[in-house]
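# Results of the structural survey
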Amino acid sequence: MIVLPIIFQFIAGTILLFFWRKINLQKVLSILFSVIGLGISIWLFLQVWEKGIMVTQSGDWKAPFGISIVADTFGVTMVLLSSISGLAVSIFSTGSMRKERLAFGFFPIFHFLIMGLQGAFLTGDIFNLYVWFEVVIISSFVLLTLGGKKQQLEGALKYVSLNLLASSLFLIGIGFIYGLTGSLNMADVAIKLDGLQNRGLVSVTSGIFLVAFGIKSAIFPMYFWLPASYHTPPPAVSAIFAGLLTKLGIYAMLRTFTLMFGGDEFMGDIMVVLAALTILSGGLGAILQQNMGKVFGYLIICHIGFLIAGLGIYTELAIMGTIFYLIHDIIVKTNLFMVSGLILKINGTQDIKELGGMYKNFPLLSLLMAIPLFSLVGIPPLSGFWAKIFLIQAGLETKDFFLIGFIVLGSFLTLWVIARLWGEVFWKNSVGLPKKANGLYFGQMPLIDQWLMVFPIFLLAAISLYIGFSAENIILLSQKISSELMDPTGYIEAVLGLKAITP
Amino acid sequence: MKSLIFKTASSYLLPLLLLFSIFILLRGHYLPGGGFVGGLMASIAFLIHSFAFGLKETQSIIKINPGYLMPIGLAFAVGAAIAPFFVDAPLLKGLWFEEPFRFIGMVGSALIFDIGVYLVVIGATLTIIFSITDTV
């Protein structure tokens, strides 16, 4: 029954395809399906929380031969998060997207995208993971190009060409794995890789995986596609991309590097260096940009650095910090892009220099928008604070002072960027906003559309407040996940149905 | 295209190719073939017909908008995938009828899945080709 989230999203997409031309019906159905999907994810999460790891073998082929679907705590947490941001974006897009863009199957593709993400989070087979990556890329490519503006096509071309490169590297890595072990089931591979004599080849394989997932999650030398493409599609699409697509790369990295290539010293050092450089380049890039979409795009890169940092340190505390940061980051980044979409709708531009006067004209909305902006920085009671505390603590334990310096620097750069944004967009008086935008301004939209845009921001802001104020629950969750990740025997036993032979 | 030979030939080719595509679809479980190849062949049959007689004529043969074949096919596929849930088996397990059917042989849920793929491939290919031909 643990495949239910995937199957449900698939059915949702298929039903929506039947109503190709009835856009209003699609809107209602999409929100409805997203709510039910969220319900299913919560149910699955509670099941796994109580009963431990659940496994199903698709097609009834036994473990190392067939495709195992595994729901461990990490997987279901990611499924839950993707359902939450899926619901938010589904509501937001009904309010904000223009008819012409919705007319070519936005909602069906959107549900197929969520299906791909949830499939990737639940699969226990490395090749199947690749297939879900492809599902995600194809649907995200469609979402990027819907509307077909020149700028969009340019962004999409960069996005797709680099992601295809990453996919082929991933496939080559899988080829290596299969050649080395003769198996594709991750649990089985984990046991067999442990017993291999040829450590050099294993390291090379892990390097290939690092590059492949590194391109997907936009870490230091491979991030150029992200700021070039993420600001081009409509904000609803960027929101789901920002919240989940780069995090899919991080998920895959966490999964493969803890389960299969556990604790490779050399790889850890490389990751620490890459993390530091990612933080630096993302933060500096964000300071330079004037377009709000691009600023947030660079901030994504900056915070990917934090996530890699925890994986690079590779202690239980560090992994826990990474998980906490991941939970916080998915919610906040999705929200940020919706905020930027709302600001775009209100003012008709995303240029920081032209924007202004938000606080004077919309005081309540501005307070609402302050929540995601400042939890991103990590101002103490808000959600980003706790995650960074754990990362820094983990760094202190392993004496990675160099990395701590960069984490603190990254936080300062984020603070700088957000403070500048707050000053320019919310406090400063506006100077001559362009009076002509495509489509309606926020003030001219029907009341229901206005609420449909504000409500998801409110929803996600409430969730990030929850993460911040009852952090003990999230800490408990991240502790459980990190102990499961650092000691994969439970996972392996559950998948293969045997006592793992640890050499 | 104005060639008489091509027109005459294609009016015979359409049913032949369609029959052959169904044959390929049915033999596909153990032998080379299956839904994807069968679907491509069927769409090639319609494509040749549209070259000979024009788009309008072909659309009037197909009757429904080929775009709708995609969700129908997906529904078939998902139905075959979740059918094992009703007998308490995991996802995608092949279920088979006990007795072989006449002329066709053993029939199982894998065939339903393949039919789904067949329809999706026809739908997708024809949608793409028709919209390209429409704009040219």
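Residues numbered from 1 in each chain as written. Chains lettered and ligands numbered in written order. Predicted model: local features only at pLDDT ≥ 70, side-chain atom pairs only at ≥ 80, totals over all residues.

## A look at the overall build of chain B
Helix and strand counts for chain B come out as five helices and zero strands. Listing each helix as α and each strand as β along chain B from the N terminus yields α-α-α-α-α. Its C-alpha atoms give chain B principal-axis dimensions of about 60 × 30 × 20 Å. Relative to its full complement of 136 residues, chain B shows a buried share of 35%. (Helix = DSSP H or I, 4+ residues; strand = E, 2+ residues; numbered from the N terminus. Buried ≥ 20, exposed ≤ 12 C-beta atoms within 10 Å, placed from the backbone.)

## Regarding the pairing of strand S2 (residues 68-71) of chain A
Residues and elements named next belong to chain A. The alternating pattern of S2 places Ser68 and Val70 and Ile69 and Ala71 on opposite faces, both of which are buried. Sheet topology places strand S1 (residues 54-57) next to S2; four bridges connect them, and they run antiparallel. Bridging across to S2, threonine 56 finds its partner in isoleucine 69. (Pairing = 2+ DSSP bridges.)

## A few points about helix H21 (residues 489-496) of chain A
Residue and element names in this part refer to chain A. Tyr491, Ile492, Val495 and Leu496 are the residues of H21 that are buried. The buried residues of H21 occupy an angular sector of 110 degrees when the element is viewed end-on, so they sit on one face. Taken together, the buried residues of H21 touch S1, S2, helix H8 (186-194), helix H11 (235-259) and helix H20 (471-486). Backbone geometry just downstream of H21 places glycine 497 in the positive-phi region, at approximately 65 degrees. (Arc of directions from axis to C-beta. Contact = placed C-beta atoms within 7 Å.)

## Quick word on the confidence of the model for chain B
Looking at chain B as a whole, its pLDDT mean stands at 87, while 99% of the residues score no less than 70. Interface predicted TM-score (ipTM) for the complex: 0.86; the corresponding pTM is 0.92. (pLDDT = per-residue confidence, 0-100.)

## Brief notes about the confidence of the model for chain A
Chain-level pLDDT for chain A is 88 on average; 96% of the residues reach the 70-or-more range. Mean pLDDT in chain A bottoms out at helix H4 (residues 99-102) of chain A, which sits at 78, and peaks at helix H5 (residues 106-122) of chain A, which reaches 94.

## Examining the UniProt feature "transmembrane region" (unreviewed entry) in chain B
All names here are of chain B. According to UniProt, the positions carrying the feature "transmembrane region" (unreviewed entry) are residues 12-30, 36-55, 67-87 and 107-132. As annotated, residues 12-30 has a helix share of 84% and a strand share of 0%, and its two end C-alpha atoms lie 30 Å apart. Helix makes up 92% of residues 107-132 and strand makes up 0%, while its end C-alpha atoms are separated by 37 Å. (UniProt positions renumbered as here; feature names shortened; annotations may be inferred.)

## Section: helix H1 (residues 4-18) of chain A
Between its first and last C-alpha, H1(A) extends 21 Å over 15 residues, near the 21 Å set by a 1.5 Å rise per residue. Of all the residues in H1(A), the buried ones are A:Pro5, A:Ile6, A:Phe8, A:Gln9, A:Phe10, A:Ala12, A:Gly13, A:Thr14, A:Leu16 and A:Leu17. (Expected span 1.5 Å × (residues − 1).)

## Describing the environment of A:Gly305
Residue and element names in this part refer to chain A. Structurally, glycine 305 can be placed in helix H13 (residues 292-313). Since 27 C-beta atoms lie within 10 Å of it, glycine 305 is described here as buried. Remark: the alpha-carbon pair of glycine 305 and glycine 282, spanning 23 residues in sequence, is separated by 8.3 Å. In contact with glycine 305, other than residues within four places in its own chain, are Ala275, Thr278, Ile279, Gly282 and Gly410.

## A look at the environment of B:Leu13
Residue and element names in this part refer to chain B. Among the structural elements, leucine 13 can be located in helix H1 (residues 4-27). Sequence separation between leucine 13 and arginine 102 is 89 residues; the distance between their C-alpha atoms is 27 Å. When sequence neighbours within four positions are dropped, the list of residues in contact with leucine 13 reads Ala45 and Ile48.

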